[in-house]
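Spelled out from the first residue to the last, the chains are:
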Amino acid sequence: MILRDYQVKSNNNTVNYVLDPTPMKKSGIVVSPTGGGKSLLQAKLVSDYKRPTLILSPTKEILTQNYDKFVAYGGEASIFSASLKSKEISEVTYGSLKSVAGYAKDFNNIGVDLLVIDECLSKSNFVFTPKGKENIKVLVDKFHKGIPQLVYSYNEQLNLISNSSINWKSLI
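Residues numbered from 1 in each chain as written. Predicted model: local features only at pLDDT ≥ 70, side-chain atom pairs only at ≥ 80, totals over all residues. Heavy atoms only, no water.

**Focus: the packing of helix H1 (residues 5-19) against helix H2 (residues 38-49)**
The geometry of H1 relative to H2 is characterised by a closest axis approach of 10 Å and an angle of 45 degrees between their N-to-C directions. Judged by the angle between their axes, H1 and H2 are oblique. Every pair of crossing elements has a handedness; the one defined by H1 and H2 is right-handed. For the pair formed by H1 and H2, the contact residues are Gln 7, Ser 10, Asn 11, Thr 14, Val 15, Val 18 and Leu 19 on the first element and Leu 40, Leu 41, Lys 44, Leu 45, Asp 48 and Tyr 49 on the second. Its residues placed into classes, the contact of H1 with H2 shows seven nonpolar, four polar and two charged. (Axes fitted to C-alpha atoms, helices over the stretch in contact; angles between N-to-C directions. Helix = DSSP H or I, 4+ residues; strand = E, 2+ residues; numbered from the N terminus. Parallel < 35°, antiparallel > 145°, perpendicular 65-115°, else oblique. Left-handed = near helix turned anticlockwise from the far one by under 90°. Contact = heavy atoms within 4.5 Å. Nonpolar A, V, L, I, M, F, W, Y, C, P; charged D, E, K, R; others polar.)

**Things to note about the confidence of the model for the protein chain**
For the protein chain, the mean per-residue pLDDT works out to 78, and 71% of the residues sit at or above 70. Mean pLDDT per element in the protein chain: helix H7 (residues 158-162) is the minimum at 37, and strand E3 (residues 78-81) is the maximum at 97. Segment residues 121-125: pLDDT under 50, and 12 contacts once partners within four positions in sequence are set aside and those in other chains are kept. In this model, residues 157-168 is a region of pLDDT below 50 whose contacts with residues beyond four sequence positions or in other chains number 21 contacts. (pLDDT = per-residue confidence, 0-100.)

**Observations concerning the packing of aromatic side chains**
Counting across every chain of the model gives four aromatic pairs. With 6.0 Å between their ring centres and 85 degrees between their planes, Tyr 67 and Tyr 94 make a pair best called edge-to-face. Of the two residues, Tyr 67 is situated in helix H3 (residues 60-72) and Tyr 94 in strand E5 (residues 92-96); the sequence distance between them amounts to 27 residues. Judged by its relative accessible area of 1%, Tyr 94 is buried. (Phe/Tyr/Trp six-rings, centres within 6.5 Å; stacked < 30°, edge-to-face > 60°. Buried < 20%, exposed > 50% of the residue type's maximum accessible area, 1.4 Å probe, protein only.)

**Topic: the pairing of E3**
Because side chains alternate across E3, one face comprises the buried residues Ser 78 and Phe 80, and the other comprises Ile 79 and Ser 81, equally buried. Where E3 folds back on strand E4 (residues 86-87), the antiparallel hairpin that results is connected by four residues, among which Lys 85 adopts a positive phi of roughly 55 degrees. (Pairing = 2+ DSSP bridges.)

**Notes on the side chain of Asn 66**
Its location among the elements puts Asn 66 in helix H3. Owing to a relative accessible area of 2%, Asn 66 belongs among the buried residues under this scheme. Those residues in contact with Asn 66 that sit more than four places away from it in its chain are Ser 39, Gln 42, Ser 57, Tyr 94 and Asp 118.

**A look at the pattern of salt bridges**
This model, assessed by the stated rule, comprises two salt bridges. A salt bridge links Asp 48 to Lys 44, with the nearest nitrogen and oxygen atoms 3.1 Å apart. Remark: Lys 44 and Asp 48 occur in helix H2; sequence separation between them is four residues, near one turn of the helix. Judged by relative accessible area, Asp 48 falls into the partly exposed class, the value being 28%. Arg 51 is the partner of Asp 113 in a salt bridge, and the nearest nitrogen-oxygen pair spans 2.6 Å. With Asp 113 in the loop between helix H5 (104-109) and strand E6 (114-118) and Arg 51 in the loop between H2 and strand E2 (53-57), the pair connects residues that are 62 residues apart, well separated along the chain. Taking relative accessible area as the criterion, Asp 113 reaches 14% and is therefore assigned buried. (Salt bridge = Lys/Arg side-chain N within 4 Å of Asp/Glu carboxyl O.)

**Topic: H2**
Note that an α-helix has 3.6 residues per turn; residues three or four places apart therefore point the same way. Given a rise of 1.5 Å per residue, 12 residues ought to cover 16 Å, and the 16 Å separating the end C-alpha atoms of H2 matches this to within 8%. A large share of H2 lies buried, amounting to nine of its 12 residues. Taken together, the buried positions of H2 are Lys 38, Ser 39, Leu 40, Leu 41, Gln 42, Ala 43, Leu 45, Val 46 and Tyr 49. Positioned one or two residues after H2, Lys 50 has a phi angle of 55 degrees, which is positive. (Expected span 1.5 Å × (residues − 1).)

Below you can see the structure in the form of structure tokens.
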């Protein structure tokens, strides 16, 4: 995987952040403009992290794009999405929020300790709608305490983030 200079910096900051041994990690946001390589950055993070990870996407199209990019770079992953007719769980799982919400215990059982959320500020404000916030909170509450959540977005809208119940740290 070949990254541009700004992507290397972003990835290094992100990997260092999630590997920080602080017991109660905060959540982070990685901002990259449209075409800036968010799916590549996610794939690189998951490759470097080498621990059980759940990546959530707002649509089946984005989920498929991210999964395909990760696999193209040599990664092994599964898909957990009713709309894609697949409910497989593995060390790296790409899923949709609605499909995954009722299965937090299963993801917890395999040791998922990183939650990556893609396109949080998409047209539907995936994470920051009242329903989206509630779904994320329910999912995170079912995981063990301290699971870091990383959000990849095309737009840093800190006013939306500050209104969230999750404390976010910018990892730009």
